[in-house]
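For reference, the chains in residue letters:
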Amino acid sequence: MLNSAAQRANMVATQIRTNDVTDARVCRALLEVPREDFVPKALASLAYMESCVPLMRGRVLLDPRSFGKLLQLAVIAEDDSVLDVGCATGYSTAVIARLAARVVGLEQDTELAQIAAENLGDLSNVEVANDPSTRAAPSEVRLT
């Protein structure tokens, strides 16, 4: 079995770069964040597959190719502040935190927001906001 660093390197080489994700910062960020830390333990072996990984209540961790392409299209600058809507367990927020100055991961599901906050606790440029209301404006969201 490959170790997670080797799996990440393989993911970037075969799923990211081969699908025209050429931004070196995006590729580096994807290499740095262990996807297996953001999926249910029982599904850790699926973290680097070319498909979405189920999380809970119908939510998924987006497949690496799609996520990489979205990141590249976002053109996130080092001094940007980013609102990551629907951050789930925090993987997208963790990757974006390596690209931007500040990230707020917004999650509607309270349990997922708690998981994200735990997963992202060591990152100084990240905050997780939980608001079960879909009508809250970012200025009205309570940060946790």
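Read on for a plain summary of the structure. Everything numeric here is computed off the predicted structure, so don't read it as measured data.

## Observations regarding the pattern of salt bridges
Next, step 1: The tally for this structure, following the rule as stated, stands at 7 salt bridges.
Next, step 2: Between Glu36 and Arg8 there is a salt bridge, with its nearest N and O atoms 3.8 Å apart. Taken together, the residues span a long stretch of sequence, with Glu36 in the loop between helix H2 (24–32) and strand E1 (53–54) and Arg8 in helix H1 (residues 4–16) at a distance of 28 residues. Across the pair, Arg8 and Glu36 agree in class, each one buried.
Next, step 3: A salt bridge links Arg102 to Glu127; the shortest N-O distance between them is 2.4 Å. Note that Arg102 is positioned in strand E4 (residues 102–107) and Glu127 in strand E5 (residues 126–130), a separation of 25 residues in sequence.

## A few points about the nonpolar core
Next, step 1: Leu30, Leu71, Ile76, Tyr91, Val95, Ile96 and Leu120 are the most contacted members of the largest nonpolar core, which has 36 residues in total.
Next, step 2: Elements represented by at least two residues in this core include exactly H1, H2, helix H3 (64–74), helix H4 (91–97), helix H5 (110–119) and E5.
Next, step 3: Ranked by residue count, the leading element in this core is H4, at 5 residues.
Next, step 4: Discounting chain neighbours no more than four positions away, the residues touching Tyr91 are Met11, Leu30, Val33, Arg35, Phe38, Leu61 and Phe67.

## Thoughts on the pairing of E4
Next, step 1: In terms of burial, E4 is largely enclosed, as 5 of its 6 residues are buried.
Next, step 2: With H4 bridging strand E3 (residues 81–85) and its parallel neighbour E4, the resulting β-α-β unit is right-handed.
Next, step 3: Where E4 and E5 come together, 5 bridges link them in parallel fashion. For Val104, the partnering residue across the bridge sits in E5 and is Glu127.
Next, step 4: Handedness of the β-α-β unit built from E4, H5 and E5 comes out right-handed.

## Quick notes on H3
Next, step 1: All buried positions along H3 are accounted for by Pro64, Phe67, Gly68 and Leu71. Down the axis of H3, the sector holding all buried residues measures 100°, keeping them to one side. In H3, the exposed positions that point more than 90 degrees away from the buried face belong to Leu70 and Leu73.
Next, step 2: Buried positions along H3 lie against H1, H2 and H4.

Scoring rules and cut-offs
Residues numbered from 1 in each chain as written. Predicted model: local features only at pLDDT ≥ 70, side-chain atom pairs only at ≥ 80, totals over all residues. Heavy atoms only, no water. Salt bridge = Lys/Arg side-chain N within 4 Å of Asp/Glu carboxyl O. Helix = DSSP H or I, 4+ residues; strand = E, 2+ residues; numbered from the N terminus. Buried < 20%, exposed > 50% of the residue type's maximum accessible area, 1.4 Å probe, protein only. Core = buried A, V, L, I, M, F, W, Y, C linked by side-chain atoms within 4.5 Å. Contact = heavy atoms within 4.5 Å. Right-handed = clockwise from strand over helix to strand, strands pointing away. Pairing = 2+ DSSP bridges. Arc of directions from axis to C-beta.

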